[in-house]
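Okay, here's what each chain looks like letter by letter:
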Amino acid sequence: MFAISLGDDDAELRPLEPWHAGEYLAHMDRGREYIGRSIGLPDRATDLASATALLQLYADKAAADSGRLHGIWLDRVLVGGVLFRTFDTESGNCEVGCWLEEAAVGRGLITRAIRVLIDWAVGERGMHRVEWIASSSNTASINVAKRLGMVREGVLRESNPYRGVRHDMEIWSVLARDWRTQRASGGR
């Protein structure tokens, strides 16, 4: 298995696979309320079988080259993750996403991990466009998109029904040429 260091704070990015289901479920149990405020992952992993099924879904996506799931470990404890929710090599478009336990917030883990994903998608896989979609009320997620130099393209008003409430969803993106320019200039 590989691990990519996210800095000098013992944070690592690793594939999150079905055999991690017990660890993933424990992580979701710790962060269920906080993570669930914005995304549905905690609702989809409520026991070992459903946690395994979710991780298997992304293992199948990885095998089909249509998505990927990576965990963020801090001091050898799974505290969050990043993913390619969609990955379409034919169109050159993909969507990244993230989640994090509240105890790990404020360390730049998501920004660092998403940089790794975008570097790989653009540099290794030739992706043209990387999207970030977040609820307008999810300020932390929108701030990550800004830190990554993404451009806000618009708002899909009340497009996402979540836990009985319709949420506006913001679309952010970065194009490969802009990402390469940012990285070459030492930015972001």
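Every value quoted in this text rests on a predicted model; they were computed, and no experiment measured them.

Calculation rules
Residues numbered from 1 in each chain as written. Predicted model: local features only at pLDDT ≥ 70, side-chain atom pairs only at ≥ 80, totals over all residues. Heavy atoms only, no water. Axes fitted to C-alpha atoms, helices over the stretch in contact; angles between N-to-C directions. Helix = DSSP H or I, 4+ residues; strand = E, 2+ residues; numbered from the N terminus. Parallel < 35°, antiparallel > 145°, perpendicular 65-115°, else oblique. Contact = heavy atoms within 4.5 Å. 1 Å grid on protein atoms, 1.4 Å probe; cavity = no way out; pocket = protein on both sides within 12 Å on 5 of 7 lines; lining within 4 Å. Points joined across faces, edges and corners; volume = space filled by probe spheres on them. Nonpolar A, V, L, I, M, F, W, Y, C, P; charged D, E, K, R; others polar. Salt bridge = Lys/Arg side-chain N within 4 Å of Asp/Glu carboxyl O. Buried < 20%, exposed > 50% of the residue type's maximum accessible area, 1.4 Å probe, protein only. Pairing = 2+ DSSP bridges. Phe/Tyr/Trp six-rings, centres within 6.5 Å; stacked < 30°, edge-to-face > 60°. Lys NZ or Arg CZ within 6 Å of the ring centre and 35° of its normal.

With that settled, the discussion passes to the packing of helix α1 (residues 21–35) against helix α3 (residues 48–63). Relative orientation of the contacting elements α1 and α3 amounts to 110°, with a least axis distance of 9 Å. For the element pair α1 / α3, the angle class is roughly perpendicular. Between α1 and α3, the contacting residues are A21, G22, Y24 and L25 on the first element and L48, A51, T52, L54 and L55 on the second.

On to the layout of surface pockets, then. The volume enclosed by the largest pocket comes to roughly 1100 Å³. In terms of lining residues, the largest pocket is bounded by 41 residues, among which S38, I39, C98, N138 and S141 are the most central. Among the elements that make up the lining of the largest pocket, the one with the highest residue count is strand β5 (residues 93–100) (six residues). Taken together, the residues of the lining of the largest pocket break down into 22 nonpolar, 13 polar and six charged.

The full count for this structure, using the stated rule, is twelve salt bridges. Measuring nitrogen to oxygen at the nearest pair gives 3.1 Å for the salt bridge that ties R14 to E12. Overall, the relative accessible area of 23% leaves E12 in the partly exposed class. Linking R30 and E101 is a salt bridge whose minimum nitrogen-to-oxygen distance equals 2.7 Å. One end of the pair, R30, is in helix α1; the other, E101, is in the loop between β5 and α4 (109–124), with 71 residues separating them in the sequence. Here the residues in one salt-bridge network are D65, R68 and R125, joined through shared partners.

A sheet is described by the order of its strands in space; here eight strands give the open sequence β1-β2-β3-β4-β5-β6-β8-β7, paired in mixed fashion. On the outer flanks of this sheet lie β1 (4–5) and β7 (151–162), each paired with one strand and no other. The pairing of β7 with strand β8 (residues 165–175) spans eight bridges and is classified as antiparallel. Bridge pairing in β8 links R152 to W172. The sheet strands contacting α4 are β1, β2 (11–15), β3 (68–74), β4 (77–88), β5, β6 (129–135) and β8, and the helix crosses β4 at an angle near 30°. Against the sheet, helix α5 (residues 139–147) engages β6 and β8, with an angle of about 155° to β6.

Attention now goes to the packing of aromatic side chains. As enumerated under the stated definition, the model contains four aromatic pairs in all. Look at F84 and F87: their rings are 4.9 Å apart centre to centre, the planes differ by 70°, and that puts the pair in the edge-to-face class. Its relative accessible area of 4% is what places F87 among the buried residues. Through successive ring pairs, a cluster of aromatic residues spans F84, F87 and W120. Over the ring of W73 we find R14, and its NZ or CZ is 4.2 Å from the ring centre. In this structure, R68 packs its charged tip against the face of F87, placed 5.7 Å from the ring centre.

Coordinates in, geometry out; function isn't part of it.
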